[in-house]
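Working through the structure, step by step
Okay, here's what each chain looks like letter by letter:
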Amino acid sequence: MATVLLAGGALAPAQAQIGSTAPVRIGVVGPFTGPSADFGVPMLNGIKLAVDEINAVGGYLGRPLELVVKDDTANPDQGRKVSQELLAEKVVATIGFCNTGVALKAIDLFQDAKSPLIVPCSTGTAVTAKYPAPDSYIFRVQARDAIQAPFLVDDIVKRGWDKVAIFADKTGYGEGGYNDVVAALAAKNLKPVHVARFDLGVKDLTAELTAARNAGANVVYSYTVGPENATIANGKKALGWKVPQVGPWPLSFPFFLEGAKDAAEGALMVQTFIAEPSNERRASFLSGYTRKFQGKVAVPMAAANAYDATYLLMYSFLGIRDGNLNGKAIKESLEGKMKTYYGVVTTYDKPFSAQDKDAITRNMLVMGMVKNGAITFAYPEDAKRNLIIQRKQ
């Protein structure tokens, strides 16, 4: 399907690049080693899969897309350093960042250079809120925490879980998520009955879990990206405290599923994409990923969002009439000059505008659940709704 669309979309501006064979260099930055590699690597793989498909049908007007990949190791200082390297290597745009704290340390570099950045993984609300939308070169193909938190709070309140204990790490991600959850609870006239803040790498949260239990919590809302989610689940199990654990998409990561095993069963998390072949586009993506990388997708959301982000960037190129891929032209094309892209996560019909740099809206979200060590739909009606592509609202 994508091949047909690209072949058709490339016709209009072709004369502008006749004879040029220079690669179009695209930056990629993310945690490909270190504590966040479990979703950084699927992000990178999603980008590589899309680029291979695009190059197989001629790239951009006969020019192959070439990735310039930098590993930020989930470290903010390293993320800033490699971002400077990417910009020095004259990439036309960049796809990247999984960790909110890393992104926030580096996005000013892209903004100041007027070099478009598309974020496929980092959910921190501040990432696309730092700059006034009309001026911003920072785009995102991921559900920001400011829509994830109310979506999940609505669900747990509907289930009757209104005494919430928040467990959030002290990173930029945890801080932003904590604030968004508190705001979402306040909108329901609720306050957390207990709050635990902790450093990454913590191995034992028994004291905090005991305090949350004593405070009467009937649900634990965790906001952290790594094995700390499993530390919470295993700690609850050790205490014999059988309350549900809920949170954003890191509860779908291998660190949680493999680290907590049966203690993870039943956990609920917000998802944009669940790895089930519910339409032809998703089936093609999943089978293509499996063939190329010899195994299932470790974090389907990271791969699917990054894959779609890559195609959206390519479609922005095709919307530039004179073929001059400068930052301002790419930005303006992303903001409204692209054709509709029928993606894996959703159909992107005007995903961005001068006033809105987030492609994912609340209607695209579904609730995922851990079942037998894998992620599936929490509600049968979500599985049915997922058969119908949800466009941006």
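All values derive from a computational prediction rather than experimental measurement. (Residues numbered from 1 in each chain as written. Predicted model: local features only at pLDDT ≥ 70, side-chain atom pairs only at ≥ 80, totals over all residues. Heavy atoms only, no water.)

1. Considerations on the UniProt feature "domain: Leucine-binding protein" (unreviewed entry) in the protein chain
The positions UniProt marks with the feature "domain: Leucine-binding protein" (unreviewed entry) are residues 23-373. Along residues 23-373 one finds 41% helix and 16% strand; the C-alpha atoms at either end are 42 Å apart. (UniProt positions renumbered as here; feature names shortened; annotations may be inferred. Helix = DSSP H or I, 4+ residues; strand = E, 2+ residues; numbered from the N terminus.)

2. Quick notes on the sheet that holds strand β1 (residues 24-30)
Strand pairing in a sheet takes place through backbone hydrogen bonds and is either antiparallel or parallel in direction. If you walk across this open sheet you meet the five strands as β2-β1-β3-β4-β5, and the pairing is parallel. Single-partner strands in this sheet number two, and they are β2 (65-71) and β5 (138-140). Averaged over all adjacent pairs, the angle separating strand axes in this sheet is 25°, with direction ignored. As paired strands, β1 and β2 are joined by seven bridges and run parallel to one another. Directly across from valine 29, in β2, lies its bridge partner lysine 70. Contacting β3 (93-96), β4 (117-119) and β5, helix α4 (residues 100-113) crosses the sheet at an angle of about 120° to β5. (Pairing = 2+ DSSP bridges. Axes fitted to C-alpha atoms, helices over the stretch in contact; angles between N-to-C directions. Contact = heavy atoms within 4.5 Å.)

3. Some points on the sheet that holds strand β9 (residues 245-247)
Taken together, seven strands build an open sheet; the order of strands is β7-β6-β8-β9-β10-β13-β14 and the sheet is mixed. The sheet is open, and its two edges are formed by β7 (194-198) and β14 (374-377), each paired on a single side. Strand-to-strand twist in this sheet, taken as the mean axis angle between neighbours without regard to direction, amounts to 30°.

4. A closer look at the nonpolar core
It is characteristic of soluble globular proteins that their nonpolar side chains tend to be buried jointly. In terms of nonpolar packing, the biggest core is built from 86 residues, with Met43, Tyr60, Leu65, Tyr221, Trp249, Phe285 and Phe317 touching the most fellow members. Of all the elements, helix α11 (residues 300-318) adds the most residues to this core, at 14 residues. Per-domain counts for this core show at least three residues from each of domain 1 (24-143 + 277-360) and domain 2 (146-271 + 367-387). Each residue touching tryptophan 249, except ones within four places of it in the same chain, is listed here: Phe39, Cys121, Thr123, Gln142, Gln148, Tyr173, Met269, Val270, Gln271, Val299, Met301 and Ala302. (Core = buried A, V, L, I, M, F, W, Y, C linked by side-chain atoms within 4.5 Å. Buried < 20%, exposed > 50% of the residue type's maximum accessible area, 1.4 Å probe, protein only. Domains from an automatic or database assignment.)

5. Observations concerning the side chain of glutamine 142
Of note, glutamine 142 is situated in the loop between β5 and α5 (145-158). Using a relative accessible area of 0% as the deciding quantity, one classes glutamine 142 as buried. Polar contacts involving the side chain of glutamine 142 include one to the main-chain carbonyl oxygen of cysteine 121, which spans 3.4 Å. At 3.3 Å, the side chain of glutamine 142 forms a polar contact with the side chain of asparagine 305. Sequence-distant contacts of glutamine 142, defined by excluding residues within four places in its chain, comprise Val119, Pro120, Cys121, Ser122, Thr123, Trp249, Thr272, Met301, Asn305, Asp358 and Ile360. (Polar contact = N/O pair within 3.5 Å; in protein donor to acceptor, adjacent residues only side chain to side chain.)

6. Points about the domain arrangement of the protein chain
Where interface size is quoted, it is often the accessible area lost as the parts come together. As assigned here, the protein chain comprises domain 1 (24-143 + 277-360) and domain 2 (146-271 + 367-387). A C-alpha centroid distance of 27 Å is found between domain 1 and domain 2. Counting residues at the interface gives 19 residues for domain 1 and 16 residues for domain 2. Summed over both partners, the interface of domain 1 with domain 2 buries about 1500 Å², with 63% contributed by carbon and sulfur atoms. Taken as a group, Asp38, Thr125 and Met301 account for 30% of the area that domain 1 buries against domain 2, more than any other trio of residues on that side. Scanning the region where domain 1 abuts domain 2 turns up zero salt bridges. At the junction of domain 1 and domain 2, the tally comes to three residue pairs in polar contact (both at pLDDT 80 or more). Counting residues per element, the ones that place at least two in the side of domain 1 that touches domain 2 are α2 (37-56), α4 and α11. Counted by class, the side of domain 1 that touches domain 2 contains nine nonpolar, eight polar and two charged residues. (Buried area = accessible area lost by both parts, 1.4 Å probe. Salt bridge = Lys/Arg side-chain N within 4 Å of Asp/Glu carboxyl O. Nonpolar A, V, L, I, M, F, W, Y, C, P; charged D, E, K, R; others polar.)

7. Comments concerning the packing of helix α3 (residues 76-88) against α4
Relative orientation of the contacting elements α3 and α4 amounts to 25°, with a least axis distance of 7 Å. The angle between α3 and α4 places the two elements in the roughly parallel class. Considering how the two elements wind past one another, α3 and α4 form a crossing that is right-handed. Contact with α3, carried on its side by Pro76, Asp77, Gly79, Arg80, Ser83, Gln84 and Leu87, involves Gly101, Val102, Lys105, Ala106, Asp108, Leu109, Phe110 and Ala113 of α4 and no other residues of that element. (Parallel < 35°, antiparallel > 145°, perpendicular 65-115°, else oblique. Left-handed = near helix turned anticlockwise from the far one by under 90°.)

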